[in-house]
Amino acid sequence: MERKIRVTVFCEHNQDRFEPVKSVYPDGMHTTIAEGFLEDPVFEVKIATQDMPEHGLTCEVLDNTDVLVWWSHLDNPQFDDGVANRVCERVVNGGMGFITLHSATFSKPWQKMMGIFYDAGSWGRFRTMPKGEKERLWITAPGHPIVTGISDCIEIPQDEMYGEPLLIPEPDKTIFIAWWEGGDVCRSGCVFERGRGKIFQFTPGHEAFPIFYQKEIRLVLRNAAKWMAPLPDMHVPSRSGEHLKGDPREDLSHRM
């Protein structure tokens, strides 16, 4: 029997406890994101939230994760640096895939692996309105595995606008260009390679809109996870030494 792709969905699980997000995601955003993967039997899914011990991302969890899917927003500064380093090590050295959703571009693992730092005031342009804006994700890499089964574009009825210039490194591949009805555009679905691992930065996913129920969004995330999962025969060095288990004393920035 073919081994399943092991996905861990991390969510800070803060805003979705309260209105207006609770009405959109009554069981938590992580539950809805996980359900999208469970529509395909090739996946097995675990949940991690920031209020769990070690944020649910223990060494054992990460060692048994092929792709980590990350949604966060308000609680990024409170995330433990040692656990963030552990995530980075698992991507760079262990080959784990890392999918960054929406405002998780402010998360510590993403910023460490990109070698950048910014906050909401310096990152780029964004605009939130009560009803959001219509968004179209136009495919710019039509032969890429991430867009398998997707037509020329994905239309999202409501989302928060992200606009250029996004202060991100130049991607190895840009899968989508996002357009909003207000006229703004930005790169979305950006692919980066870091060491043995792949990173996929996907801008849709504002917490107040039901984007993670949308079938095309779920398909993109499943396609991405299938493409990003490390090959079973990937050579990974033995994990000897406490620093390879996410010792908070180690700064991994020099490895990025």
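Before any of the text, the structure's been laid out above.
The present account deals with the structure reproduced in this document. On a predicted model such as this, the values are computed, not experimentally measured, just so you know.

### Section: the pattern of salt bridges
Counting across every chain of the model gives 13 salt bridges. A salt bridge links D51 to R17; the nearest nitrogen and oxygen atoms lie 2.6 Å apart. A residue pair is termed long-range when its members are at least 10 positions apart, and D51 in the loop between β2 (43-49) and α3 (59-63) and R17 in the loop between β1 (5-11) and α1 (21-24) qualify at 34 residues. Judged by its relative accessible area of 37%, R17 falls in the partly exposed class. Residues joined in a network through salt bridges with shared partners are E35, E39, R218 and R222.

### Focus: the nonpolar core
In this structure, L57 and F200 are the most contacted members of the largest nonpolar core, which totals 69 residues. Contacts of L57, omitting those with residues within four sequence positions, involve T8, F10, A48, L62, L68, W70, F79, V83, R86 and V87.

### A look at the sheet that holds strand β4 (residues 97-101)
Judged by pairing direction, the sheet is mixed, and its nine strands sit side by side in the order β2-β1-β3-β4-β11-β10-β9-β6-β7 without closing on themselves. Of all strands in the sheet, those bounded by a partner on one side alone are β2 and β7 (153-159). Across the sheet, the mean angle from the axis of one strand to that of its neighbour is 20 degrees, orientation sign disregarded. As defined by bridge partners, strand β6 (residues 133-139) adjoins β7 across five bridges and the pair is classed as antiparallel. The partner of L137 across the bridge, within β7, is I154.

### Some points on helix α4 (residues 81-92)
Taking 1.5 Å of rise per residue, twelve residues should cover 16 Å, and α4 covers 16 Å from first to last C-alpha, within 8% of that figure. Counting buried residues in α4 gives eleven out of twelve residues, a clear majority hidden from the surface. Burial in α4 covers these residues: G82, V83, A84, N85, R86, V87, C88, E89, R90, V91 and V92. Those residues of α4 that are buried are in contact with α3, β3 (67-71), β4, α5 (108-114), β10 (185-194) and β11 (197-202). Capping the start of α4 is the job of one residue whose side-chain oxygen sits 2.9 Å from the backbone nitrogen of G82: D80.

### Digging into the packing of helix α2 (residues 29-38) against helix α6 (residues 215-228)
Contact geometry of α2 with α6 gives a least axis separation of 9 Å together with a crossing angle of 65 degrees. Between α2 and α6, the angle is such that the two are roughly perpendicular. For the element pair α2 and α6, the recorded crossing hand is right-handed. In this structure, α2 uses T32, E35, G36 and F37 to contact α6, whose residues at the interface are R218, L221, R222 and A225. Across the contact of α2 with α6, the residue classes tally to three nonpolar, two polar and three charged.

Parameters and conventions
Residues numbered from 1 in each chain as written. Predicted model: local features only at pLDDT ≥ 70, side-chain atom pairs only at ≥ 80, totals over all residues. Heavy atoms only, no water. Salt bridge = Lys/Arg side-chain N within 4 Å of Asp/Glu carboxyl O. Helix = DSSP H or I, 4+ residues; strand = E, 2+ residues; numbered from the N terminus. Buried < 20%, exposed > 50% of the residue type's maximum accessible area, 1.4 Å probe, protein only. Core = buried A, V, L, I, M, F, W, Y, C linked by side-chain atoms within 4.5 Å. Contact = heavy atoms within 4.5 Å. Pairing = 2+ DSSP bridges. Axes fitted to C-alpha atoms, helices over the stretch in contact; angles between N-to-C directions. Expected span 1.5 Å × (residues − 1). Polar contact = N/O pair within 3.5 Å; in protein donor to acceptor, adjacent residues only side chain to side chain. Parallel < 35°, antiparallel > 145°, perpendicular 65-115°, else oblique. Left-handed = near helix turned anticlockwise from the far one by under 90°. Nonpolar A, V, L, I, M, F, W, Y, C, P; charged D, E, K, R; others polar.

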